[in-house]
Amino acid sequence: MRQTKRALMSAIILPCIVTLIIAFLYKGGVSRYGNKQYQTVEERADRALKYASRNGLNQNYCLLLDYSIPSGTPRLMLWSFAENKVVYKAHAMHGPGNGSTAEHPVFSNKPGSNCSSLGKFEVTKEHGNVNKTGFYLRGREFSNSSARLRGIMLHGSRWVDVNQWRKYIPLNTKSCLGCVTVSSKEMKYLYNLIEKENDHLLLWSYCSESS
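Residues numbered from 1 in each chain as written. Predicted model: local features only at pLDDT ≥ 70, side-chain atom pairs only at ≥ 80, totals over all residues. Heavy atoms only, no water.

1. Here's the deal with the sheet that holds strand 1 (residues 61–66)
Next up, step 1: Strand order in the open sheet made by the 8 strands is 3-2-1-8-4-5-6-7, with mixed pairing throughout. Each edge of the open sheet carries a strand with a single partner, namely strand 3 (85–90) and strand 7 (180–183). With direction set aside, neighbouring strand axes in the sheet form an average angle of 30 degrees.
Next up, step 2: Where strand 1 meets strand 8 (residues 201–206), 5 bridges bridge the pair, whose relative direction is parallel. Paired with Cys62 across the strands is Leu202, a residue of strand 8. (Pairing = 2+ DSSP bridges. Helix = DSSP H or I, 4+ residues; strand = E, 2+ residues; numbered from the N terminus. Axes fitted to C-alpha atoms, helices over the stretch in contact; angles between N-to-C directions.)

Pasting the structure below:
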């Protein structure tokens, strides 16, 4: 009788454990990217600090956004230069323009493209009329020089909150037209930190698989 109960419990518990492990890996857990991804972030953080010090930007924190990571996995990383590590992570949507899909973003600096842009941005303290808890981004490179003209912002959206459990967050033109769009909860954290900092933060968006 006891053996029957044990066999029954095993038949119930083991599939649950396997399902949880598969779900974690499918979502893009830490083991999926491993140390390779972390080393990439470390290397970029070192370059980011040098850039920030040369250009009068914040030398306490920077934001690193790796579009190679699926959007259902937190891919916007807040790096602490003092602690030399990632201290916070957030999900980030990309723009739907030029044939972008949830799985494969297409990048552009062109006004009206509705695409995300790559490169180094300055996170200003300017708030939008609609997204008052967001910050306008100013492009600092040729690849994102139109960011301010396009009204590109770092802001939050409930769309990200309700879809961040997916491997890829579905594109939504009401939530993102090329902005760095995070969940409303994550934006609250970032907003409070950015508002407290005196100097503007550097936000560097890139694709680690190709650069």
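After that view of the structure, there is still more to cover.
2. Quick word on the pattern of salt bridges
Next up, step 1: In the structure shown here, the tally under the stated rule is 7 salt bridges.
Next up, step 2: Sharing partners across several salt bridges, the network here consists of Glu122, Glu126, Arg138, Arg140 and Arg148. (Salt bridge = Lys/Arg side-chain N within 4 Å of Asp/Glu carboxyl O.)

3. Quick notes on unusual backbone geometry
Next up, step 1: Located in the positive-phi region is Asn84, a residue other than glycine, with phi close to 55 degrees.
Next up, step 2: Within the secondary structure, Asn84 sits in the loop between strand 2 (76–80) and strand 3.
Next up, step 3: Backbone geometry at Asn98 places phi at a positive 55 degrees, although glycine is not the residue there.
Next up, step 4: Relative to the elements of secondary structure, Asn98 occurs in the loop between strand 3 and strand 4 (119–123).

4. Some details on the side chain of Thr181
Next up, step 1: Along the chain, Thr181 falls in strand 7.
Next up, step 2: A polar contact is formed between the side chain of Thr181 and the side chain of His155, at a distance of 3.4 Å.
Next up, step 3: Apart from residues lying up to four places away in sequence, Thr181 is in contact with His91, Ala92, Met93, His155, Gly156, Ser157, Val160, Ser175 and Cys176. (Polar contact = N/O pair within 3.5 Å; in protein donor to acceptor, adjacent residues only side chain to side chain. Contact = heavy atoms within 4.5 Å.)

5. Quick look at the packing of aromatic side chains
Next up, step 1: Inspection of every chain in the model, using the stated rule, returns 4 aromatic pairs.
Next up, step 2: Plain terms: the ring middles of Tyr88 and Tyr189 are 3.9 Å apart, the flat faces sit at 15 degrees to each other, and that makes the pair stacked. Here the residue Tyr88 occupies a position in strand 3, and Tyr189 occupies one in helix 5 (residues 184–196), the gap between them amounting to 101 residues.
Next up, step 3: The class of Tyr189 is partly exposed, set by a relative accessible area of 35%.
Next up, step 4: Note on Trp204 and Tyr206: the rings are 6.0 Å apart at their centroids and 65 degrees apart in plane angle, and the pair reads as edge-to-face. Both residues of the pair, Trp204 and Tyr206, count as buried.
Next up, step 5: Between Arg44 and the ring centre of Tyr206, over which it is positioned, the NZ or CZ distance is 3.7 Å.
Next up, step 6: Over the ring of Tyr136 we find Arg148, and its NZ or CZ is 3.9 Å from the ring centre. (Phe/Tyr/Trp six-rings, centres within 6.5 Å; stacked < 30°, edge-to-face > 60°. Buried < 20%, exposed > 50% of the residue type's maximum accessible area, 1.4 Å probe, protein only. Lys NZ or Arg CZ within 6 Å of the ring centre and 35° of its normal.)

6. Regarding the environment of Ser117
Next up, step 1: Mapped onto the secondary structure, Ser117 falls in the loop between strand 3 and strand 4.
Next up, step 2: Not counting residues up to four positions away in its chain, the partners in contact with Ser117 are Tyr67, Phe107, Ser108, Asn109, Ser143, Asn144, Arg150 and Ser205.
Next up, step 3: Side-chain polar atoms of Ser117 contact the side chain of Arg150, separated by 3.1 Å.

7. Side note on the side chain of Ser205
Next up, step 1: Along the chain, Ser205 turns up in strand 8.
Next up, step 2: Looking at Ser205, the relative accessible area reads 2%, which means it is buried.
Next up, step 3: A polar contact is formed between the side chain of Ser205 and the backbone oxygen of Ser117, at a distance of 2.9 Å.
Next up, step 4: Not counting chain neighbours up to four residues away, the residues in contact with Ser205 comprise Leu65, Tyr67, Ser117, Leu118, Gly119 and Phe121.

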